[in-house]
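# Coordinates in review
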Amino acid sequence: MNWKSALVAVLFGMLIVPAMGDAQTAKIKMGSSLSPPSLESITPYVAIEKGIFKKLGIDAEVVEFRGDATHVKALLSGDIDVSINMGATQGIVSAAKGAPMRLWVVTNPTTPYHFVARKEAGTTLKALIGKSVAVSGIGAISYHIPRIVLERSGIDPEKMKYVAVGSPADRFKALVAGKVDATVVTNTEVAKLVNYPEIIDLVNVPKVVPEIPYEFGMATVEYIQKHGDTLYKLAKGIIEANRWIVANKAGTIEVAKKILPDESPEVLSKAYDLADKRLWGVNGDISAKSYDYTADFLKKVGYLENPMPYKEFFDQRFVDRALKELGRK
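Quick look at the structure, then. The structure presented is a predicted model; accordingly, all values stated were derived computationally and were not measured.

## Some details on the environment of Ile42
Mapped onto the elements of the fold, Ile42 is located in the loop between strand S1 (27–32) and helix H3 (43–49). Sequence separation between Ile42 and Trp280 is 238 residues, and the spatial gap between their C-alpha atoms is 9.3 Å. Those residues in contact with Ile42 that sit more than four places away from it in its chain are Ile245, Thr252, Val255, Ala256, Ile259 and Trp280.

## Observations concerning the packing of helix H6 (residues 88–96) against helix H15 (residues 288–300)
Contact geometry of H6 with H15 gives a least axis separation of 10 Å together with a crossing angle of 70 degrees. When the axes of H6 and H15 are compared, the pair comes out roughly perpendicular. Here the hand of the crossing between H6 and H15 comes out right-handed. Of the residues in H15, those touching H6 at Thr89, Ile92 and Val93 are Tyr291, Thr294, Ala295 and Leu298. Broken down by class, the residue content of the contact of H6 with H15 amounts to five nonpolar, two polar and no charged.

## So, the pairing of strand S8 (residues 182–185)
Burial along S8 is two-sided: the face carrying Ala182 and Val184 and the face carrying Thr183 and Val185 are both buried. Summarising the sheet, strand S6 (residues 132–135) and S8 pair through two bridges and their orientation is parallel. Each bridged residue has a counterpart across the sheet, and for Ala134 the counterpart in S8 is Thr183.

## Quick look at the sheet that holds S1
What the five strands build is an open sheet, ordered S2-S1-S3-S10-S4; its pairing is mixed. Where the open sheet ends on each side, the last strands, each with one partner, are strand S2 (59–64) and strand S4 (101–108). Within this sheet the neighbouring strands show an average axis-to-axis angle of 25 degrees, counted without direction. Sheet analysis places S4 next to strand S10 (residues 215–220), joined by six bridges and oriented antiparallel. The partner of Val105 across the bridge, within S10, is Gly217. Helix-sheet contacts for helix H5 (residues 68–77) involve S1, strand S3 (82–87), S4 and S10, and the interaxial angle to S3 is about 160 degrees. Contacting S1, S3, S4 and S10, helix H12 (residues 228–247) crosses the sheet at an angle of about 20 degrees to S4.

## Concerning the nonpolar core
Counting 96 residues, the largest nonpolar core has Ile42, Trp104 and Phe115 as its most contacted members. Among the elements that make up this core, the one with the highest residue count is H12 (eight residues). Counting residues in hydrophobic clusters, the runner-up holds 10 residues, among them Leu175, Val180, Val190 and Leu193.

## Observations concerning the side chain of Asp170
Along the chain, the position of Asp170 falls in helix H8 (residues 168–176). Take Asp170: its relative accessible area is 16%, and that puts it in the buried class. With residues up to four places along the chain from it excluded, the contact list for Asp170 reads Ser35, Arg66 and Val165.

Procedures and definitions
- Residues numbered from 1 in each chain as written.
- Predicted model: local features only at pLDDT ≥ 70, side-chain atom pairs only at ≥ 80, totals over all residues.
- Heavy atoms only, no water.
- Helix = DSSP H or I, 4+ residues; strand = E, 2+ residues; numbered from the N terminus.
- Contact = heavy atoms within 4.5 Å.
- Axes fitted to C-alpha atoms, helices over the stretch in contact; angles between N-to-C directions.
- Parallel < 35°, antiparallel > 145°, perpendicular 65-115°, else oblique.
- Left-handed = near helix turned anticlockwise from the far one by under 90°.
- Nonpolar A, V, L, I, M, F, W, Y, C, P; charged D, E, K, R; others polar.
- Buried < 20%, exposed > 50% of the residue type's maximum accessible area, 1.4 Å probe, protein only.
- Pairing = 2+ DSSP bridges.
- Core = buried A, V, L, I, M, F, W, Y, C linked by side-chain atoms within 4.5 Å.

What follows is the structure, given as structure tokens:
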């Protein structure tokens, strides 16, 4: 090979070598604050199991944490690449307090919560004054949701006792065991209440508080700056997975049975039917109105002083790019 041919070969090779930034993030660790997972948080699992991420060139793994606190630490330390199921309020508060993280996709723009209680503790919200409410962590979305419900019902949320327990499944177990008096659980737990007559469903939360989002996809500012193309692919995958979930009950239940082997198909089917289908964000975003309501509430109750402006908190470039291809529903 003469020197001209060798030079052409070298230049061609340089052209086909992928850029270092996103090429190194093809294998992605995505954090989730739910361990075990739930039907409501199934989006990334569907994207993996149905090959949605794979067709976009993403090899994704979900890393589960028990609650938002350890999840946030893992994201900021670089133990995971991005977050996909982080409590929305935790994301808002953390960013407002200076954590270098931003919203890149909205997995669940509404909540799947129900406020349930042991019948012996009280059959009305007012009767629960002074009783214990299980939450995943102080400051987590499962902490703020009952406070908002109580406030809208004319009850001072400070008159309750909040106990950090863990995931929705953990909180439900504590409630069944009589260790706490009330909690917020997801549709999956409500689907089981027929087997627990001692527990009653007091409030279907989205009907009282439709503005509050459930789970956010968060990433560090540094990661966003370096891996924009990867985040676009991930956002597109999440949107496609959510649209698939809404349109495919049987397929969704099949995936759920794989990641939730302890749940019966009957419970999963009922939980799917209980869910407001807006729970799975078919457009991957949230309105400024919903964000502002949530941020203002967090400010009012003292969890942040100055909420980050919506456009600064939500880097919409990745969702917008995906929607240009997929169209808005």
